[in-house]
Amino acid sequence: MVPQYADSQTLSRPAIQLAGLWCRRGGNDVLKGIDMEVEAGTVLGVLGPNGCGKSTLLRCIAGLEQPSAGDVSLEGRAVRHLSPSAIARRLALQGQDSDSSLGFSVRDVIGLGRLAHRFSFFAGVSERDKEIVEQALMRLELTELAERPVETLSGGERQRVIVARALAQEPAILLLDEPTNHLDIQHRFSVLDLVRELGVTVVAVLHDIELAARSCDRIVLMKDGLVVSDGPPALALTPRTLRDVFSVHADVETHPRACRLRIELSPLSKEPAS
């Protein structure tokens, strides 16, 4: 399910570019002058405490929320100049779970991801649409649940349906808001491994710090609407930055065989005496 429409000109420019992005909501500044570029094919993890602006950042990138100041560009084109349909053909947002899919089967919900590629809402389902939906069902291990009403599923199963719908959209840019929410340990790994295999640009809001370090090329740590740290996992996830952002003590080391970060967190009150 890798997009079929990438070209050399698209790949030569940042997939996502944020310039001086501010977002004010209810009298509060949720985002405060974010500058960021995300190269095509990068898997970027966004971490931070609740309320720091992570989900708002995704919504601004997707054109669902109008920033108070600054610009968002997708592949060199300003989002404010793109129609919703043009955005949907390039970008998919997997939002947090909602009741909007109640009354639909799993197959029907995943099929909604194909609407962006139809000339009209009333156009029939093509053979390619059916093929892509079947691939999404298989890759998210949902084939046996295809005819089940979504409301009969567990939280983890519903979360996989939401991710599958985003994948069925065949985006060049995939935005994920807590994609591992409600998932068991096995499916947390499998979902993020699948996302990496797609070869598309990914921005994923995550809560599991070690999982983010394992699965992402780059980590952005946010606090109070600002980017506190930005870089490869080993550089972004240091004891100091984790303490500054999450108010915890962190022991960070590299696993000797897997060459991956091993992170142990503890409350500051239990921090070992120096």
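Computed from a predicted structure; not experimentally measured.

1. Quick look at the overall build of the protein chain
Within the protein chain, the secondary structure is distributed over 10 helices and 12 strands. Residues counted as buried form 48% of the 274 residues belonging to the protein chain. Within the protein chain, contacts between residues separated by at least 24 positions form 64% of all contacts whose residues are at least 6 apart in sequence. Split by element, the accessible area of the protein chain, about 13600 Å² in all, is 50% carbon and sulfur.

2. Quick notes on the nonpolar core
Ranked by size, the top nonpolar core spans 48 residues in total, and within it V106, I110, L142, L174 and L237 carry the most contacts. Counting residues per element, this core draws most heavily on helix α6 (residues 155–168), at 6 residues. Once residues within four sequence positions are removed from consideration, L174 is found in contact with A92, A166, L167, V195, L198, V200, T201, V202 and V203. Among the nonpolar cores identified, the runner-up in size contains 30 residues, and L21, I34, L58 and L91 belong to it.

3. Thoughts on the pairing of strand β4 (residues 69–74)
If a strand is regular, its side chains alternate between the two faces of the sheet. With 5 bridges joining them, strand β1 (residues 16–25) and β4 adopt antiparallel strand pairing. The residue bridging W22 from the neighbouring strand is A69, located in β4. One ladder, built from 2 bridges, connects β4 with strand β5 (residues 77–78); its direction is antiparallel. In the sheet register, L74 faces β5, and the bridge partner there is R77.

4. Thoughts on the pattern of salt bridges
Taken as a whole and judged by the stated rule, the model has 17 salt bridges. In this structure, the salt-bridge partner of D29 is R24, at a minimum N-O distance of 2.9 Å. For D29, a relative accessible area of 31% puts it in the partly exposed group. Residue classification places R24 among the partly exposed positions, given a relative accessible area of 48%. With a shortest N-O distance of 2.8 Å, R107 and E147 are connected by a salt bridge. Of this pair, R107 sits in helix α4 (residues 106–111) while E147 sits in the loop between α5 (127–139) and α6, and the two are 40 residues apart along the sequence.

5. Topic: the environment of Q66
Assignment of secondary structure puts Q66 in the loop between α2 (54–61) and β4. Expressed as a C-alpha distance, the spacing of Q66 and R80, which sit 14 residues apart in the sequence, is 8.3 Å.

6. Some thoughts on helix α10 (residues 239–246)
Listed as buried for α10 are T241, L242 and V245. End-on view of α10: buried residues confined to an arc of 100°, all on one side of the axis. Among the structural elements, α8 (209–215), β9 (218–223), β10 (226–231), α9 (233–236), β11 (248–254) and β12 (261–267) are those in contact with the buried residues of α10.

7. So, the sheet that holds strand β3 (residues 43–47)
Taken together, 6 strands build an open sheet; the order of strands is β6-β7-β8-β3-β9-β10 and the sheet is mixed. The outermost strands of the open sheet, each flanked by one partner alone, are β6 (91–94) and β10. In this sheet, neighbouring strand axes are inclined to one another by 15° on average, regardless of whether the strands run parallel or antiparallel. Looking at chain direction, β3 and β9 are connected through 4 bridges and run parallel. Note that in β9 the partner of G45 across the bridge is I219. In the packing of α2 onto the sheet, the strands contacted are β3, β6, β7 (173–177), β8 (201–205) and β9, and the crossing angle to β7 comes to about 155°.

8. Remarks on the sheet that holds β4
With respect to topology, 4 strands assemble into an open sheet ordered β2-β1-β4-β5, the strand pairing being antiparallel. Two strands close off the open sheet at either side, each with one partner strand: β2 (28–38) and β5. Each of β1, β2 and β4 touches α2; the most contacted strand, β1, lies at about 120° to it.

9. Comments concerning unusual backbone geometry
With phi around 50°, E75 is a residue other than glycine that occupies positive phi space. Overall, E75 belongs to the buried group, its relative accessible area being 11%.

10. Structural notes on the pairing of β9
In terms of burial, β9 is largely enclosed, as 5 of its 6 residues are buried. Summarising the sheet, β9 and β10 pair through 5 bridges and their orientation is antiparallel. Across the sheet, the residue bridging to K223 is L226, located in β10. Connecting β9 to the antiparallel partner β10 that follows it, the hairpin turn spans 2 residues, and D224 within it adopts a positive phi of roughly 55°.

Thresholds applied
- Residues numbered from 1 in each chain as written.
- Predicted model: local features only at pLDDT ≥ 70, side-chain atom pairs only at ≥ 80, totals over all residues.
- Heavy atoms only, no water.
- Helix = DSSP H or I, 4+ residues; strand = E, 2+ residues; numbered from the N terminus.
- Buried < 20%, exposed > 50% of the residue type's maximum accessible area, 1.4 Å probe, protein only.
- Contact = heavy atoms within 4.5 Å.
- Areas by Shrake-Rupley, 256 points an atom, 1.4 Å probe, with all protein chains shown as cover.
- Core = buried A, V, L, I, M, F, W, Y, C linked by side-chain atoms within 4.5 Å.
- Pairing = 2+ DSSP bridges.
- Salt bridge = Lys/Arg side-chain N within 4 Å of Asp/Glu carboxyl O.
- Arc of directions from axis to C-beta.
- Axes fitted to C-alpha atoms, helices over the stretch in contact; angles between N-to-C directions.

None of this, on its own, says anything about what the molecule does.
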